[in-house]
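# Remarks on the overall topology
For reference, the chains in residue letters:
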Amino acid sequence: MRKTLSCDFFDRPTLVVARAMLGKYLVRKYRGKTISLMITEVEAYDGPLDRASHASHGRTPRTKIMFDPAGRFYVYFTYGMHWLVNIVTGPEDYPAAVLIRAGKYYDAEKRELVLVNGPARLTKFLKITGAQNGKIARKKTELWFEYRGVRINRRNIIASKRIGVDYASPIWRNKLCRFYLTT
DNA sequence: CAGACGATTGCCT
DNA sequence: GGCAATCGTCTGT
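### Thoughts on the packing of aromatic side chains
- This model, assessed by the stated rule, comprises six aromatic pairs.
- Measuring from centroid to centroid gives 5.0 Å for Phe9 and Phe10, while their planes differ by 75 degrees, and the two rings are edge-to-face. Each member of the pair, Phe9 as well as Phe10, is classed as buried.
- Between Tyr105 and Phe125, the aromatic rings sit 4.9 Å apart at their centres with planes inclined by 25 degrees, giving stacked as the arrangement. In this pair, Tyr105 sits in strand E6 (residues 96-107) while Phe125 sits in helix H3 (residues 119-125), placing the two residues 20 residues apart along the sequence.
- You can call Tyr105 partly exposed: its relative accessible area is 22%.
- Looking at Phe125, the relative accessible area reads 26%, which means it is partly exposed.
- The side chain of Arg12 reaches across the aromatic face of Phe9, ending 4.6 Å from its centre.
- The ring centre of Tyr45 lies 4.8 Å from the NZ or CZ of Arg162, which sits over that ring.

### Concerning the nonpolar core
- Phe10, Met21, Leu26, Phe73 and Phe145 are the most contacted members of the largest nonpolar core, which totals 37 residues.
- Here this core gets six residues from one element, more than from any other, and that element is strand E3 (residues 33-46).
- Membership of the second largest hydrophobic core comes to 15 residues, among which are Ile65, Leu84, Ala168 and Trp172.

### Here we look at unusual backbone geometry
- In the Ramachandran plot, Arg111 falls in the positive-phi region, its phi being about 55 degrees despite a non-glycine side chain.
- Tracing the backbone shows Arg111 in the loop between E6 and strand E7 (112-117).
- Classification of Arg111 as exposed rests on a relative accessible area of 68%.
- Of note in this structure, Lys127 is not a glycine but carries a positive phi near 55 degrees.
- Position of Lys127 among the secondary structure elements: in the loop between H3 and strand E8 (143-147).
- Under the relative-accessibility criterion, Lys127 is labelled partly exposed at 39%.

### Remarks on the environment of Ala97
- Its location among the elements puts Ala97 in strand E6.
- Residues Ala97 and Arg72 lie 25 residues apart in sequence; the distance between their C-alpha atoms is 9.3 Å.
- Beyond its immediate chain neighbours, meaning those up to four positions away, Ala97 contacts Thr14, Glu43, Ala44, Tyr45, Met66, Asn86, Ile87, Val88 and Thr89.

Calculation criteria
- Residues numbered from 1 in each chain as written.
- Chains lettered and ligands numbered in written order.
- Predicted model: local features only at pLDDT ≥ 70, side-chain atom pairs only at ≥ 80, totals over all residues.
- Heavy atoms only, no water.
- Phe/Tyr/Trp six-rings, centres within 6.5 Å; stacked < 30°, edge-to-face > 60°.
- Buried < 20%, exposed > 50% of the residue type's maximum accessible area, 1.4 Å probe, protein only.
- Helix = DSSP H or I, 4+ residues; strand = E, 2+ residues; numbered from the N terminus.
- Lys NZ or Arg CZ within 6 Å of the ring centre and 35° of its normal.
- Core = buried A, V, L, I, M, F, W, Y, C linked by side-chain atoms within 4.5 Å.
- Contact = heavy atoms within 4.5 Å.

In C-alpha coordinates:
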(Lines give C-alpha, C1' and ligand atoms only; values in the text may rest on other atoms or scores of the structure.)
Protein backbone atom coordinates (compact mmCIF):
# COMPACT_ATOMS: atom_id res chain seq x y z
CA MET A 1 0.00 0.00 0.00
CA ARG A 2 1.42 3.32 -1.10
CA LYS A 3 -0.48 6.56 -0.99
CA THR A 4 1.12 9.93 -1.69
CA LEU A 5 0.19 12.50 0.95
CA SER A 6 -1.47 15.62 -0.47
CA CYS A 7 -1.09 19.20 0.74
CA ASP A 8 -4.34 18.75 2.72
CA PHE A 9 -2.55 16.37 5.06
CA PHE A 10 -0.33 19.25 6.18
CA ASP A 11 -3.08 21.87 6.29
CA ARG A 12 -4.02 21.05 9.89
CA PRO A 13 -2.77 22.19 13.31
CA THR A 14 1.01 21.82 13.37
CA LEU A 15 1.17 19.60 16.45
CA VAL A 16 -1.40 17.27 14.92
CA VAL A 17 0.55 17.08 11.68
CA ALA A 18 3.83 16.50 13.53
CA ARG A 19 2.46 13.44 15.35
CA ALA A 20 0.78 12.17 12.19
CA MET A 21 4.05 12.33 10.26
CA LEU A 22 5.63 9.63 12.41
CA GLY A 23 5.52 6.34 10.52
CA LYS A 24 5.03 8.08 7.16
CA TYR A 25 7.73 7.90 4.51
CA LEU A 26 9.76 10.72 3.02
CA VAL A 27 10.62 9.64 -0.49
CA ARG A 28 13.28 11.12 -2.75
CA LYS A 29 14.02 10.51 -6.38
CA TYR A 30 17.56 11.42 -7.22
CA ARG A 31 19.49 10.62 -10.38
CA GLY A 32 17.03 7.90 -11.34
CA LYS A 33 17.12 6.17 -7.98
CA THR A 34 14.50 6.22 -5.26
CA ILE A 35 15.55 6.63 -1.65
CA SER A 36 13.14 6.63 1.28
CA LEU A 37 13.03 6.79 5.04
CA MET A 38 10.27 6.09 7.54
CA ILE A 39 10.04 9.22 9.68
CA THR A 40 10.82 8.54 13.34
CA GLU A 41 11.43 11.99 14.83
CA VAL A 42 10.03 15.48 14.18
CA GLU A 43 9.73 18.90 15.80
CA ALA A 44 6.91 21.42 15.42
CA TYR A 45 7.50 25.16 15.02
CA ASP A 46 4.12 26.70 15.39
CA GLY A 47 3.03 30.24 14.69
CA PRO A 48 4.35 33.81 14.97
CA LEU A 49 4.49 33.71 18.77
CA ASP A 50 6.75 30.66 18.95
CA ARG A 51 10.04 32.22 20.09
CA ALA A 52 11.98 29.12 19.05
CA SER A 53 10.79 29.47 15.47
CA HIS A 54 12.64 31.34 12.75
CA ALA A 55 9.32 33.01 11.97
CA SER A 56 9.12 34.68 15.37
CA HIS A 57 10.93 37.68 13.88
CA GLY A 58 8.41 38.03 11.11
CA ARG A 59 8.57 37.60 7.38
CA THR A 60 12.14 37.75 6.05
CA PRO A 61 13.67 36.56 2.78
CA ARG A 62 14.53 33.26 4.45
CA THR A 63 11.36 32.65 6.46
CA LYS A 64 8.77 33.80 3.93
CA ILE A 65 8.31 30.16 2.91
CA MET A 66 6.93 29.39 6.36
CA PHE A 67 4.04 31.77 5.60
CA ASP A 68 3.13 29.90 2.42
CA PRO A 69 0.26 27.39 2.13
CA ALA A 70 0.82 23.93 3.63
CA GLY A 71 2.70 21.24 1.77
CA ARG A 72 5.82 23.12 0.65
CA PHE A 73 9.31 22.41 1.84
CA TYR A 74 11.20 24.90 3.94
CA VAL A 75 14.89 24.03 3.55
CA TYR A 76 17.51 26.24 5.14
CA PHE A 77 21.26 26.32 5.57
CA THR A 78 22.83 26.55 9.01
CA TYR A 79 26.20 26.47 10.78
CA GLY A 80 27.82 27.19 7.46
CA MET A 81 27.50 23.57 6.34
CA HIS A 82 24.17 21.87 7.05
CA TRP A 83 20.80 21.77 5.31
CA LEU A 84 17.66 21.14 7.38
CA VAL A 85 14.28 20.23 5.91
CA ASN A 86 10.81 21.18 7.13
CA ILE A 87 7.35 20.81 5.69
CA VAL A 88 5.15 23.89 5.95
CA THR A 89 1.86 23.38 7.82
CA GLY A 90 -1.38 25.24 8.46
CA PRO A 91 -3.05 28.02 6.48
CA GLU A 92 -1.36 30.64 4.33
CA ASP A 93 0.05 33.61 6.30
CA TYR A 94 0.29 31.51 9.46
CA PRO A 95 4.01 30.67 9.80
CA ALA A 96 4.45 27.06 10.87
CA ALA A 97 6.42 24.00 9.87
CA VAL A 98 7.57 20.59 11.03
CA LEU A 99 11.29 19.86 11.09
CA ILE A 100 12.18 16.30 10.11
CA ARG A 101 14.93 15.08 12.42
CA ALA A 102 15.28 11.33 11.91
CA GLY A 103 14.13 8.32 9.96
CA LYS A 104 14.98 4.71 9.35
CA TYR A 105 15.16 2.26 6.48
CA TYR A 106 15.73 -1.42 5.95
CA ASP A 107 19.09 -2.30 4.45
CA ALA A 108 18.32 -5.41 2.38
CA GLU A 109 21.98 -6.28 1.91
CA LYS A 110 22.93 -6.15 5.56
CA ARG A 111 19.45 -7.32 6.59
CA GLU A 112 19.14 -4.71 9.28
CA LEU A 113 17.28 -1.52 10.13
CA VAL A 114 19.45 1.55 9.80
CA LEU A 115 18.66 4.70 11.76
CA VAL A 116 19.44 8.04 10.12
CA ASN A 117 19.28 10.38 13.07
CA GLY A 118 20.03 14.08 13.15
CA PRO A 119 18.30 16.58 10.83
CA ALA A 120 21.47 17.35 8.86
CA ARG A 121 22.39 13.68 8.39
CA LEU A 122 18.87 13.06 7.12
CA THR A 123 19.11 15.73 4.43
CA LYS A 124 22.52 14.45 3.43
CA PHE A 125 21.13 10.93 3.11
CA LEU A 126 18.18 12.07 1.00
CA LYS A 127 20.22 14.55 -1.10
CA ILE A 128 18.13 17.50 0.02
CA THR A 129 19.54 21.02 -0.40
CA GLY A 130 18.32 24.55 -0.97
CA ALA A 131 17.22 23.41 -4.43
CA GLN A 132 14.14 21.94 -2.73
CA ASN A 133 13.26 25.09 -0.80
CA GLY A 134 9.73 26.25 -1.63
CA LYS A 135 8.91 23.17 -3.71
CA ILE A 136 5.60 21.40 -3.18
CA ALA A 137 5.77 17.86 -1.79
CA ARG A 138 4.69 15.68 -4.68
CA LYS A 139 6.22 13.15 -7.06
CA LYS A 140 6.83 15.78 -9.71
CA THR A 141 9.28 17.60 -7.46
CA GLU A 142 11.06 14.31 -6.70
CA LEU A 143 10.55 14.73 -2.96
CA TRP A 144 7.27 13.64 -1.39
CA PHE A 145 5.57 11.82 1.47
CA GLU A 146 3.84 8.44 1.42
CA TYR A 147 1.60 6.46 3.70
CA ARG A 148 2.66 2.83 3.44
CA GLY A 149 0.30 1.22 5.89
CA VAL A 150 2.36 1.72 9.03
CA ARG A 151 0.02 2.34 11.96
CA ILE A 152 1.44 4.12 14.98
CA ASN A 153 0.04 3.55 18.44
CA ARG A 154 -0.17 6.73 20.52
CA ARG A 155 1.62 4.89 23.31
CA ASN A 156 4.68 4.61 21.09
CA ILE A 157 5.04 8.36 20.62
CA ILE A 158 7.17 10.30 23.09
CA ALA A 159 6.85 14.09 23.40
CA SER A 160 9.79 16.15 24.60
CA LYS A 161 11.42 19.56 24.44
CA ARG A 162 12.92 20.66 21.16
CA ILE A 163 16.66 20.36 20.58
CA GLY A 164 18.96 23.36 20.30
CA VAL A 165 16.45 26.09 21.09
CA ASP A 166 17.78 27.25 24.48
CA TYR A 167 17.93 30.78 23.10
CA ALA A 168 14.13 30.98 23.34
CA SER A 169 12.18 32.11 26.40
CA PRO A 170 11.27 29.34 28.91
CA ILE A 171 7.70 28.84 27.73
CA TRP A 172 8.80 28.10 24.19
CA ARG A 173 12.09 26.44 25.06
CA ASN A 174 10.28 23.94 27.28
CA LYS A 175 7.20 23.32 25.15
CA LEU A 176 6.74 19.67 24.21
CA CYS A 177 6.93 20.03 20.44
CA ARG A 178 9.35 17.21 19.67
CA PHE A 179 7.90 13.80 18.92
CA TYR A 180 9.68 10.54 18.34
CA LEU A 181 8.91 6.86 18.21
CA THR A 182 9.96 4.39 20.83
CA THR A 183 12.23 1.70 19.45
C1' DC B 1 28.90 47.42 6.80
C1' DA B 2 30.65 44.94 10.82
C1' DG B 3 29.62 41.58 14.22
C1' DA B 4 27.15 37.80 16.44
C1' DC B 5 25.32 33.48 16.07
C1' DG B 6 22.83 29.39 14.61
C1' DA B 7 16.27 24.18 14.68
C1' DT B 8 24.43 20.65 13.87
C1' DT B 9 27.96 17.41 13.46
C1' DG B 10 32.24 15.10 14.18
C1' DC B 11 36.46 14.87 16.27
C1' DC B 12 39.27 15.54 20.37
C1' DT B 13 40.51 14.96 25.29
C1' DG C 1 32.19 16.82 28.09
C1' DG C 2 34.39 20.54 25.03
C1' DC C 3 34.95 22.80 20.86
C1' DA C 4 36.10 23.92 15.88
C1' DA C 5 34.20 24.13 11.29
C1' DT C 6 32.09 27.58 8.19
C1' DC C 7 28.85 31.00 5.97
C1' DG C 8 24.06 32.79 5.40
C1' DT C 9 20.97 35.57 7.97
C1' DC C 10 19.72 39.09 10.87
C1' DT C 11 20.67 43.10 13.83
C1' DG C 12 22.26 47.48 14.90
C1' DT C 13 25.26 51.27 13.55
